[in-house]
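# Topology and contacts: notes
What follows is each chain in one-letter form.
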Amino acid sequence: MREHVDVVTLKVSILLWLGKRSLFEHFCGYPFTHACLHINPEKVYLAITLIKMKNVGLVVIVWIIVGWSSCMGRFVVEKNNLRVTSPESIRGVYECALGNFGIPQYGGSMSGAVLYPKANQKACKNFADFDISFRSRVAGLPTFVLVDRGDCYFTLKAWNAQRAGAATILVADNRPEQLITMDAPEDETTDADYLQNITIPSALVSRSLGSAIKTAIAHGEPVHISLDWREALPHPNDRVAYELWTNSNDECGPKCDAQIQFLKRFKGAAQILEKGGYTRFTPHYITWYCPEAFLASRQCKSQCINGGRYCAPDPEQDFSRGYNGKDVIVQNLRQACFFRVTNESGKPWLWWDYVTDFAIRCPMKQEKYNKKCADQVIHSLGVDVKKIDKCIGDIEANTENPVLKEEQHAQVGKGSRGDVTILPTIVINNRQYRGKLQRSAVLKALCSGFRETTEPPICLTEDIETNECLQNNGGCWEDKTTNITACRDTFRGRVCQCPIVQGVKFLGDGYTHCEASGALRCGINNGGCWKHTQMGKTYSACRDDHSKGCKCPPGFKGDGLKDCQDVNECEEKTACQCRGCKCKNTWGSYECSCSGSLLYIREHDICINKDARGDVSWGVIWIIIMGLGAAALGAYTIYKYRIRTYMDSEIRAIMAQYMPLDNNPNSQPSSQLEL
């Protein structure tokens, strides 16, 4: 027998030829993703005979049932806690299995009242046909509808419950068995239009718990249940590790279309998380191998590479036309190598650009799903095509391919994670994600993988919030005048936290009180302080030079928040108390006048004579004029004196040179000097 990884990949190898999983469900009675893969691989080699008839396109399968035994691989059902809070008879914590559709509230919780419909108890028909509605009353608990398993797909049950107004659907198992994962049906066997519209969470409960809930409801006892997703994912460290098991095939119907749309819409968030060092992302690709008995068959040669070691199903499930599985496995290998090369260069986020660009530029429908088109995309992203080709290696060689071999090993469950058998599959912190392949749902699950308060900013965006603030403002503080609230929705639930508005920070507990602070606080609802306008005058208790608090302005008294009363300065004798003053109170101030010809000086609270004041003023002016005149006359006198003194000194100097004085004893006539 081959090693364990071959046992796991063999589970789905039969699909390589069948292209369907309905036969597994027929023989096993379980969804494809669970117990019907528990087949002994050695006996499968002897049990399958496959004949592909080109003319009629008929696949004939002859199953020789040699025996059944347990499988070496395992499929882990992702479970969650369900707490019954009432009635007392069944109160407790139970396990439930998460459905692989809808949007589980990762990181949050939900409480509701359980209803078991009197008709359409398997929810296979529209509840409107039975005049049944599960819409909650105003201020009432959300409705959890309990339905029975059987007769139709799990997804159809959820869709009918959602249309009737249910917040969550609980499916009661009809078999005494271990819980299984509820999965979506095969796309080509049913109308899948509604699958992408399912948004409510879903869970499978055991038959015993379902019976207990039904009994309590039948006896008129209200059943209240709380679903908790807060610990659905572990938090090993501050960086979340996640994997995406995907496929490059774009011709598998609605599921392939949904996968491509998810890649395009999630790319931005994924690159932000990766560039910021918040996450460690790794893409993976499911591969199968060809059973040894069919290595020489046409099917094996057209669907596999490297001597049948690595295979993929035919995209169109028709071996006579279009692309084959070999083309898909080669493109899967190229995408895996692209990630390896870019990861080594420190730019692993380029993988998202490559897979989305390849899906747009190289679709199968336009016959561009080939190496030439892929190389053009790789080159446009600035990546060395030769390094990619070297990583791919020789696909025709009958040898192991290191990249694809690692991919097969990675499919095997490790620790708490089971084998990867569902495509696509997202694994977060070694736990398989269960739910709708939608940007906001997956982002919420990723964010729940962080420890609380360590989430990156993208986890606090509006598209993954819980919208609890829409009801009663979430119980938080609110200023209805300015529509400012302390309630903030997050993916974990609402938090009451005083906000920051237009650069103004509010301080408080967030529940009963928030107060604006800072220099700009008066610009927002006057800082929450008192403000009033009367007789064309406006007074405010908010002062921009104070970082917080409210104080009534001069002329008023009160708390400054809700009330400021005018102060009557005349009655309280705080102003206009001079002799001869007459006081009159006004709103926010006062008026003071003096009798006769007296004038009131407010700064000094005094009355003075108007005429005296005028005489004094003119006297001061004349004194100033006379002073200026005296100063000018003195300056002119000094100037004239200095000019005259200067001129005298100059004249004396000239005369001393040309007219010697008589009293000089050495002076003689010039004629005598010549003799």
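Note: the structure precedes this text.
Residues numbered from 1 in each chain as written. Predicted model: local features only at pLDDT ≥ 70, side-chain atom pairs only at ≥ 80, totals over all residues. Heavy atoms only, no water.

## Focus: the overall build of the chain
For the chain, the helix and strand inventory stands at 17 helices and 30 strands. Taking all 675 residues of the chain together, 46% fall into the buried category. Looking at the chain alone, contacts between residues at least 24 apart form 63% of all its contacts between residues at least 6 apart. Carbon and sulfur atoms provide 53% of the accessible area of the chain, an area that totals close to 35600 Å². (Helix = DSSP H or I, 4+ residues; strand = E, 2+ residues; numbered from the N terminus. Buried < 20%, exposed > 50% of the residue type's maximum accessible area, 1.4 Å probe, protein only. Contact = heavy atoms within 4.5 Å. Areas by Shrake-Rupley, 256 points an atom, 1.4 Å probe, with all protein chains shown as cover.)

## Describing empty space enclosed by the protein
If you walk through the whole model with that rule in mind, you get seven cavities of 30 Å³ or more. When its volume is computed, the largest cavity comes out at roughly 350 Å³. Looking at the largest cavity, it is lined by 21 residues, and the ones nearest its centre are Asn100, Lys255, Gly435, Lys436 and Leu437. Listed by contribution, the elements that provide at least two residues to the lining of the largest cavity are α7 (254–275) and β14 (425–428). Partitioned by chemical class, the residues of the lining of the largest cavity number 11 nonpolar, six polar and four charged. Looking at the second largest cavity, the residues that line it are Thr246, Asn247, Ser248, Asn249, Asp250, Gln259, Ile260, Leu263, Gln335, Val355, Phe358 and Ala359. Mapped onto the lining of the second largest cavity, the elements with two or more residues apiece are α7 and α10 (350–361). A breakdown of the residues in the lining of the second largest cavity according to their chemical character gives five nonpolar, six polar and one charged. (1 Å grid on protein atoms, 1.4 Å probe; cavity = no way out; pocket = protein on both sides within 12 Å on 5 of 7 lines; lining within 4 Å. Points joined across faces, edges and corners; volume = space filled by probe spheres on them. Nonpolar A, V, L, I, M, F, W, Y, C, P; charged D, E, K, R; others polar.)

## A short note on the sheet that holds strand β4 (residues 92–98)
Read once around its circumference, the closed barrel built from seven strands follows the order β3-β4-β8-β7-β6-β5-β9, with strand pairing classed as mixed. Going across the sheet, the axis of each strand differs from the next one's by a mean of 40°, ignoring polarity. By the bridge criterion, three bridges tie strand β5 (residues 109–115) to strand β6 (residues 143–148) in an arrangement that is parallel. Note on β6: the bridge partner recorded for Val114 is Phe144. Its contacts with the sheet place helix α5 (residues 154–163) against β6 and β7 (168–172), and it is angled at close to 140° to β7. Along the sheet, helix α6 (residues 207–218) contacts β3 (79–86), β4, β5, β6, β7, β8 (202–205) and β9 (224–228); its crossing angle with β6, the most-contacted strand, is approximately 115°. (Pairing = 2+ DSSP bridges. Axes fitted to C-alpha atoms, helices over the stretch in contact; angles between N-to-C directions.)

## Some remarks on the nonpolar core
Residues Phe266, Trp351 and Trp352 are the most contacted members of the largest nonpolar core, which totals 57 residues. The element that contributes the greatest number of residues to this core is helix α9 (residues 325–344), accounting for nine residues. With sequence-adjacent residues up to four places away left out, Phe266 is seen in contact with Tyr242, Trp352, Arg439, Val442, Leu443 and Leu446. Listed in part, the 23 residues of the second largest apolar core include Ala161, Leu179, Ile198 and Leu204. (Core = buried A, V, L, I, M, F, W, Y, C linked by side-chain atoms within 4.5 Å.)

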